[in-house]
Amino acid sequence: MKTQTAKHQVSWSKRWHDNKSLAILIFCGTLGITSVLKLSVLTSSYVFNSEESNALYQKPQSLNATSNVQSLNTLDNHTIPKDGKNTSVIISVEDEENDFGKNYYAESITEKISNSISCEDIHPNTVMLRDKILSQEDDDRNIPRKIHFVVRSRCVPQEVAQVHNAGWESVSKDHSILYHDQQSIDEYMSRDRRDWPAVASAYKCAFDSMAKNDLAKLLLLWDYGGIVVDMGHIPGPKFDEGKIISDQDECLFEMTRDNTTNPRFLACQARHWAVYAAIVRFLTVPFVDYTPLFPYTWEKRSDIVGFVASFMKPVHELQERSVLTDKTAQLNGTITQIRTSSSSSNTVEEFLKPVDFQNDTLKGMELELIPVPEQEKCMNRAALKRDSYEVDVASLFDVVGYTTQNSTCVKPPNFIGSNYNEGSIVKGRKIPKFVHMTSKFRCFTGNYTLSINKWKFEGYSLFIHDDAAVDRLLSKEWPEFPLLQEARSCIATGAGMADLWRYLVIWEYGGIYTDLDNEPGPRFLNASIITDDVDSFFEQEGGGFPSQYFFAASPHHPVMYHAVQHAISRLMEVQSISEQLVPLITGPGALKCGVTSTINDGYPKRGIYKDPNTNRTITVVGSRRQAATHDYLRRSVTINKKTDLVKMGMKHYSKEANQMVEQKLKMHSCLSEIYPKSFTMTHGKQ
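From a predicted model like this one, the values you see are computed outputs, not experimental measurements.

Explain the overall build of the chain to me, using residue names and the numbers behind them.
The helix and strand inventory of the chain stands at 26 helices and 29 strands. Within the span of the chain, comprising 686 residues, buried residues form 58% of the whole. When contacts within the chain are restricted to residue pairs at least 6 apart in sequence, long-range pairs at least 24 apart make up 77% of them. Accessible surface, the chain as shown: approximately 28700 Å² in total, 49% of it carbon and sulfur.

Okay, structure coming up:
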């Protein structure tokens, strides 16, 4: 076969799945549709070339003693005198998630910095951005009067400091202004957390500096509440006059003319579920995998922050201010949308004014990424770089519950146990000679027994995974898939669970996966077509995309990694757990997006394709016509399938879902299912 290079355009298409008139809409990466809002308001101009920018924004080691983590830890627990003198206070705080409960001896951060070092010592013509902390914040509204800015360094060009300080001066009269620099944020984000155990790794391993900034800002909102704003913006008249955030607002988003969320601003009270939803979105897209081919764009930022809007009751009329509630009333709390650009008036500048700093200047204020060699050690990348093709057979036995003994089967009578062949792992071969199947039990009817026995190829091992085995695999720790356990609670059917399981079992152990009612076609007899050098193997099915009812891959193949990530991400978007469309959420739709994320083509034709990031390959055989003539696979060949499924204690996924709908079970969203009850906020004033 001729090796083909990956296409450079994402396939955003609508195709028919099989011959069942089931439209599978595939929007790989995110399902939300956003558009770009171009900001062109000029309020100040400063030119700062890239060489100067790189020199200026190196993290100043001499500022180690002035970490802003103290201001994070003690923000709500101490006051700084209005006269700004270097006064010390005892601070007692309690928060088990942030290692609180100790006494800290804190000084006025502004005074401590100014007394110890000058920005001129680091780089000429720079000025320090200083916190402005209210001696006592008014307890008059739900959203705390704190404005958080995340910057690489507090030392910025004089022009930047002048414009920024002048712009926010009037707001600082009734808001605390807090600047969190790289050092303090790195320490804050690296802490072990029980509420967000995956955040530290996601932050450290972020591929894009703006993604790193955004995640840090969301964690600040989650822990402390307040307002986060992109650097390079100053308040407009409405913000200055206090007309944006009302006392009753609990979480506030800025919407654009085309009804997308502007990611430059977000205001919420602490522990609001909207912030929870945004962090979940970060961890499931997943943002750590953005590459130059899939950059972290304005649209992706908008999708992350605006993801929560999909769970709200829609607003039919475009109003400048709308208060929304959860569609299913499962999530307590409201979200306020303010529309800063409408057909009748241009109010963008009245809210926040974008400052026309040169791109290099703004880029220089974003957080630094870890060095490339360190990035390669990160879990998600290290996992994809594993190409030894080794298999932990002992672990596989533990998961499967390896047994060949029948002690339970009566009706149906035929027991089929797993059968391990020591010759199934061949040195130098990429895909181990394993065949994996899953069934509720290991007892089968005669028809299914005939089909399964046809997969007992010479030299191959056969593993039958029953429900207990599936649960053992899914219950393992999966650091590369941080929200997998939460996603499981949003799967309503056995078919959905089997979808996620099949990607995981092939990701971890490799081999062939096939549905129970498939049989090898004439071109696949004995599986000799999968040679030692084949890295993954798919049939092109009737819909034109790679087969999900049958496939093969080596351990830790990127297609399986991305398929799991897409399944988790799509589960998080589910509006009604019991009514979810399984083929789209966890089934062929997720696998197709896994292929798209690997080679940028969701409809590859016959050929061999190379992943440009890992050099792993995908082999596709057959055609839509050959899928119909069963050249490689004979699908659903079992006679009396429905009757046999009942005898084996199984049913079609649609029947499972219909029963849940009839009983009105799990009609709520996945987000309301997983939102931790222990984090439920106390409504009213903080």
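From this point, the discussion proceeds with the structure in view.
Help me get a handle on the state of the cysteines, residues and values and all.
Evaluated as defined, the whole model comprises four disulfides. Two residues share a disulfide in this structure: Cys119 and Cys155, whose sulfurs sit 2.1 Å from each other. Every disulfide takes its handedness from the sign of the S-S torsion; for Cys119 and Cys155 that torsion is -80 degrees, giving left-handed. Here Cys119 is found in the loop between helix 3 (109–116) and strand 7 (126–128), whereas its partner Cys155 is found in strand 9 (residues 155–157), with 36 residues between them in sequence. For Cys119, a relative accessible area of 5% puts it in the buried group.

Summarise the packing of aromatic side chains; cite the residues concerned and give the values.
Enumeration over the complete set of coordinates arrives at 33 aromatic pairs. Where Phe239 meets Phe351, the ring centres are 5.8 Å apart and the plane angle is 25 degrees; that geometry is what we call stacked. With Phe239 in helix 8 (residues 237–240) and Phe351 in helix 11 (residues 348–351), the pair connects residues that are 112 residues apart, well separated along the chain. An identical accessibility class is assigned to Phe239 and Phe351; each is buried. Here the aromatic rings of Trp507 and Tyr561 are separated by 5.6 Å at their centres, their planes lie at 45 degrees, and the arrangement is tilted. Here Trp507, found in helix 19 (residues 494–509), pairs with Tyr561, found in helix 20 (residues 558–572); they are 54 residues apart in sequence, far enough to count as distant. Summarising the burial analysis for this pair, Trp507 and Tyr561 share the class buried. One Lys or Arg, Arg281, reaches over the ring of Phe307 and ends 4.6 Å from the middle of that ring.

Explain the packing of helix 9 (residues 273–284) against helix 20 to me, using residue names and the numbers behind them.
Packing of helix 9 against helix 20 leaves a shortest axis separation of 9 Å and a crossing angle of 160 degrees. If you check the angle between helix 9 and helix 20, you find them roughly antiparallel. Seen along the crossing, helix 9 lies across helix 20 with a hand that is left-handed. For the pair helix 9 and helix 20, the contacting residues are Val280, Arg281 and Thr284 in the first and Gln565, Ile568, Ser569 and Met572 in the second. For the contact of helix 9 with helix 20, the residue count by class is three nonpolar, three polar and one charged.

Describe the pattern of salt bridges, naming the residues involved and giving the relevant values.
Applying the stated rule across the entire model yields 30 salt bridges. In this structure, Arg429 and Asp532 form a salt bridge, with 2.8 Å as the shortest nitrogen-oxygen distance. Taken as a pair, Arg429 in the loop between strand 19 (414–415) and strand 20 (434–438) and Asp532 in the loop between strand 24 (519–520) and strand 25 (536–540) lie far apart in primary sequence, 103 residues in all.

Quick one: what's the story with the packing of helix 7 (residues 209–224) against helix 9, residue by residue and with numbers?
At a closest axis distance of 10 Å, the pairing of helix 7 and helix 9 adopts a crossing angle of 150 degrees. In terms of their interaxial angle, helix 7 and helix 9 are classed as roughly antiparallel. Where helix 7 crosses over helix 9, the handedness of that crossing is left-handed. Across the interface between the two elements, Ala211, Asp214, Leu215, Leu218, Leu219, Leu221 and Trp222 from helix 7 touch Val275, Tyr276, Ala278, Ile279 and Phe282 from helix 9. Each residue belonging to the contact of helix 7 with helix 9 can be placed in one class, and the counts come to eleven nonpolar, no polar and one charged.

Report on helix 7, specifying residues and quantitative values.
End to end, helix 7 covers 23 Å across 16 residues, agreeing with the expected 22 Å (1.5 Å per residue, within 8%). In terms of residue burial, helix 7 counts as a mostly covered element, since 16 of its 16 residues are buried. A distance of 2.8 Å separates the backbone nitrogen of Met210 from a side-chain oxygen at the start of helix 7, and that oxygen is part of Asp208.

Please set out unusual backbone geometry residue by residue, giving values where relevant.
Here Lys411 and Pro412 are connected by a cis peptide whose omega angle stands at -5 degrees. For Pro412, the position within the fold is in the loop between helix 15 (393–400) and strand 19. Positioned with a positive phi, Asn526 is a non-glycine residue whose angle comes to about 65 degrees. Assignment of secondary structure puts Asn526 in the loop between strand 24 and strand 25. Even without a glycine there, the phi angle at Asn615 is positive, about 65 degrees. Looking at the secondary structure, you find Asn615 in the loop between strand 27 (607–610) and strand 28 (617–621).

Any details on helix 10 (residues 298–306)? Residues and values, ideally.
In an α-helix, one full turn covers 3.6 residues, which means residues spaced three or four apart are oriented alike. Across the nine residues of helix 10, seven count as buried, placing the element largely inside the fold. Every buried residue of helix 10 is listed here: Trp298, Arg301, Ser302, Asp303, Ile304, Val305 and Gly306. Elements in contact with the buried residues of helix 10: helix 7, strand 13 (251–255), strand 14 (261–268) and helix 9.

Conventions and cut-offs
Residues numbered from 1 in each chain as written. Predicted model: local features only at pLDDT ≥ 70, side-chain atom pairs only at ≥ 80, totals over all residues. Heavy atoms only, no water. Helix = DSSP H or I, 4+ residues; strand = E, 2+ residues; numbered from the N terminus. Buried < 20%, exposed > 50% of the residue type's maximum accessible area, 1.4 Å probe, protein only. Contact = heavy atoms within 4.5 Å. Areas by Shrake-Rupley, 256 points an atom, 1.4 Å probe, with all protein chains shown as cover. Disulfide = S-S within 2.5 Å. Phe/Tyr/Trp six-rings, centres within 6.5 Å; stacked < 30°, edge-to-face > 60°. Lys NZ or Arg CZ within 6 Å of the ring centre and 35° of its normal. Axes fitted to C-alpha atoms, helices over the stretch in contact; angles between N-to-C directions. Parallel < 35°, antiparallel > 145°, perpendicular 65-115°, else oblique. Left-handed = near helix turned anticlockwise from the far one by under 90°. Nonpolar A, V, L, I, M, F, W, Y, C, P; charged D, E, K, R; others polar. Salt bridge = Lys/Arg side-chain N within 4 Å of Asp/Glu carboxyl O. Expected span 1.5 Å × (residues − 1). Polar contact = N/O pair within 3.5 Å; in protein donor to acceptor, adjacent residues only side chain to side chain.

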